[in-house]
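# Observations on the three-dimensional arrangement
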Amino acid sequence: MMEINAHAKVNIFLKITGHREGYHTLLSRFMRVESLYDTIRFVPAECESFTIEGTPEVPRESNTIYRAWVALNEATGDLDLLDFFYHHKVVVEKRIPSQAGLGGGSSDAGAFLRLASEVCNLKITTDELARVGARIGADVPFFVHDYPSANVSGFGEVVEPFEETPLELEIITPPIACDTAAVYRIFRERFLSRVDPERFRGWEKLPSEELLERIHDPRALNDLYPAALLLCPDLENYAKESWYFSGSGSSFFRPKR
């Protein structure tokens with residue numbers, strides 16, 4: 001059976017560096033969560049069109065895996081890729097919660113791109129595959145590269161591996177769905193004018209464990225947390241000392257003790 005695990009991520013820190021061309025730029029440390037992942041399988045089946053099972057609540061055209069398939073077809077024009085999915089369906093076993101700041105949809109897209117490229121023997125480099133991923137979402141290039149830890153910058157397209165052992169993490173995900181676009185909109189309206197890169201200069205050089213030991217305020221580590229609190233005030237009920245906020249939420253994490 002052809003399958004791949006699509007791991008969750010947390011943002012050890014996430015700092016907005018600016019806004020241009022209609023999008024925010026950032027500097028962030030992404031860390032792969034080894035213990036939490038979706039599984040994607042290519043299962044033999046005769047299909048009239050590209051078929052995804054396991055995510056019935058997501059319309060096919062909105063599914064990041066479908067969008068990844070479309071983008072990969074457009075980028076390569078490979079007929080073997082097109083034919084393969086007439087004879088195989090995509091089956092997703094979901095474990096990563098949605099709208100939780102853990103990158104579930106982006107990870108699924110990145111893992112799909114990697115597996116499809118391998119199975120269909122596409123003549124495409126990892127960097128080229130990451131550029132395809134960037135058309136789907138800002139986090140997808142990180143998941144295409146599949147580094148355990150990386151500094152991510154620009155619009156998300158600059159992914160540089162950071163040499164460290166991933167931390168063992170505890171994660172709690174409140175039953176609150178944080179809409180990423182809405183969180184960024186609130187940040188732009190309320191907090192963008194306060195951005196000061198001097199406050200986090202050099203963070204990208206520090207090990208994640210050291211950053212979490214030095215800085216205990218999740219608001220200082222994650223610029224999106226105050227915006228998420230304005231959008232979803234009930235998050236405050238789940239905030240605990242020495243827990244940190246991932247992405248645009250709603251998940252909190254800390255190193256295992």
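Now for a look at the structure at hand. In this text, all values refer to a predicted model and were calculated from it rather than measured experimentally. (Residues numbered from 1 in each chain as written. Predicted model: local features only at pLDDT ≥ 70, side-chain atom pairs only at ≥ 80, totals over all residues. Heavy atoms only, no water.)

Judged by how many residues are buried, strand 4 (residues 88-93) sits mostly within the fold: 5 of 6 residues are covered. Pairing of strand 2 (residues 23-44) with strand 4 involves 6 bridges; the strand directions are antiparallel. Within strand 4, the position partnered with Val43 by the bridge is Lys89. Taken together, the 2 bridges between strand 3 (residues 52-53) and strand 4 define a ladder with parallel strand orientation. Paired with Ile52 across the strands is Val90, a residue of strand 4. (Buried < 20%, exposed > 50% of the residue type's maximum accessible area, 1.4 Å probe, protein only. Helix = DSSP H or I, 4+ residues; strand = E, 2+ residues; numbered from the N terminus. Pairing = 2+ DSSP bridges.)

The next subject is the environment of Ser35. The residue Ser35 is located in strand 2 in this model. For the pair Ser35 and Leu169, spaced 134 residues apart in sequence, the C-alpha to C-alpha distance is 8.4 Å.

Further remarks concern the environment of Asp223. Within the element layout of this structure, Asp223 appears in the loop between helix 8 (218-221) and helix 9 (224-231). The spatial distance from the C-alpha of Asp223 to the C-alpha of Lys15 is 5.4 Å, given a sequence separation of 208 residues. Separated by 2.7 Å, the side chains of Asp223 and Lys15 make a polar contact. (Polar contact = N/O pair within 3.5 Å; in protein donor to acceptor, adjacent residues only side chain to side chain.)

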